[in-house]
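# Inside the fold
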Amino acid sequence: MNNRIALGVEYNGAAFSGWQRQLAPPLPTIQGLLEQALSRIADQPVSISCAGRTDAGVHATGQVVHFDTVKDRGPKAWIMGTNTQLPPQIRVQWACTVDDRFHARHSATARRYRYIIYDEPVKPTVLVGQLTHSREKLDVDSMHRAAQALLGENDFSAFRGSGCQSSTPFRYVHEIKAYRHNRFVVVEVEANAFLLHMVRNIVGTLLHVGQGRQPESWVAQILASRDRQQAAETARPDGLFLVHVSYPGYPDLPMLPLGPCFL
């Protein structure tokens, strides 16, 4: 009898070639390393599905995965045992048994990302690879107002990466905001799903607004154009974190505080 196990996973993606397993050439990825670790604990090959495939250099504090196994190891073994087989940049935070209808990707109704920016003249030595640096002070209020043009269901072709394989450019943004928290600027976006590089392209555009290089109305104009060439450059992956995935049909799944931990 198969058991379906859901895991909450946190990782610092700076040292890895993204989430998705890559076989040729065999590059270090989160999925590949996690599957290897779980296979050792399960004593059988394990294949996992995730809520959202993050790019190279992108982090997560709220990634969710699931896998099937005939073994019944218990939550402690799936957490502590698996973590002993992982590099320190990847950690399983929780584990629980779910019914066979649960799917980490298809059961999710929303994903939430946070993008962290440090806007002081000198780049900090700590948190290297975990935030983006702007030498110019950002007008966060302008960024927030401009971002509201992206709410609701829209064609996000103007913020879509060229390698995106989605069959449709439409996504529904539930919430988007820019705000200051301590010494950081945070851009937070929740949507039903995301296109390739969508959050990073949005942030890159909002940075131009925050730096006074473009007016607030520019974001709405870019969205309406449906033309990627009209938007700004893609923001670096360093500051991007997947912080939460919503599963209304599974209220018993653990809900940890939204990350990253330095906020």
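Quick caveat, the model's predicted, so the values are computed rather than measured.

Conventions we followed
Residues numbered from 1 in each chain as written. Predicted model: local features only at pLDDT ≥ 70, side-chain atom pairs only at ≥ 80, totals over all residues. Heavy atoms only, no water. Core = buried A, V, L, I, M, F, W, Y, C linked by side-chain atoms within 4.5 Å. Buried < 20%, exposed > 50% of the residue type's maximum accessible area, 1.4 Å probe, protein only. Helix = DSSP H or I, 4+ residues; strand = E, 2+ residues; numbered from the N terminus. Domains from an automatic or database assignment. Contact = heavy atoms within 4.5 Å. Buried area = accessible area lost by both parts, 1.4 Å probe. Salt bridge = Lys/Arg side-chain N within 4 Å of Asp/Glu carboxyl O. Polar contact = N/O pair within 3.5 Å; in protein donor to acceptor, adjacent residues only side chain to side chain. Nonpolar A, V, L, I, M, F, W, Y, C, P; charged D, E, K, R; others polar. 1 Å grid on protein atoms, 1.4 Å probe; cavity = no way out; pocket = protein on both sides within 12 Å on 5 of 7 lines; lining within 4 Å. Points joined across faces, edges and corners; volume = space filled by probe spheres on them.

## So, the nonpolar core
Residues Leu 7 and Tyr 247 are the most contacted members of the largest nonpolar core, which totals 76 residues. Take this core: its biggest share by element is 7 residues, from helix α4 (residues 198–210). Each of domain 1 (3–107) and domain 2 (110–241) contributes no fewer than three residues to this core. Not counting residues up to four positions away in its chain, the partners in contact with Tyr 247 are Ala 51, Val 64, Phe 102, His 103, Ala 104, Ser 107, Ala 108 and Leu 253. Membership of the second largest hydrophobic core comes to 8 residues, among which are Val 186, Phe 241, Val 243 and Phe 262.

## Re the domain arrangement of the chain
As assigned here, the chain comprises domain 1 (3–107) and domain 2 (110–241). Of the roughly 820 Å² buried between domain 1 and domain 2 on both sides combined, carbon and sulfur atoms contribute 51%. Between the two partners, domain 1 and domain 2, sit 1 salt bridge. One salt bridge in this structure joins Asp 55 and Arg 200, with 3.4 Å as the shortest N-O distance. Across the domain 1-domain 2 interface, the total number found is 7 residue pairs in polar contact (both at pLDDT 80 or more). Taken together, the residues that form the side of domain 1 that touches domain 2 break down as 4 nonpolar, 5 polar and 2 charged.

## Thoughts on the layout of surface pockets
By volume, the largest pocket amounts to about 1100 Å³. For the largest pocket, the lining is made up of 40 residues, of which Gly 52, Arg 53, Arg 105, Phe 194 and Leu 196 are closest to its centre. For the lining of the largest pocket, the secondary structure elements donating two or more residues are β2 (49–50), β5 (110–118) and α4. Top contributing element to the lining of the largest pocket by residue count: α4, with 3 residues. Considered class by class, the residues forming the lining of the largest pocket number 16 nonpolar, 17 polar and 7 charged.

## Digging into the side chain of Asn 3
Secondary-structure assignment places Asn 3 in strand β1 (residues 3–11). Polar contacts involving the side chain of Asn 3 include one to the main-chain carbonyl oxygen of Lys 71, which spans 3.1 Å. Discounting residues that sit within four places of it in the chain, Asn 3 has contacts with Phe 67, Asp 68, Thr 69, Val 70, Lys 71 and Asp 72.

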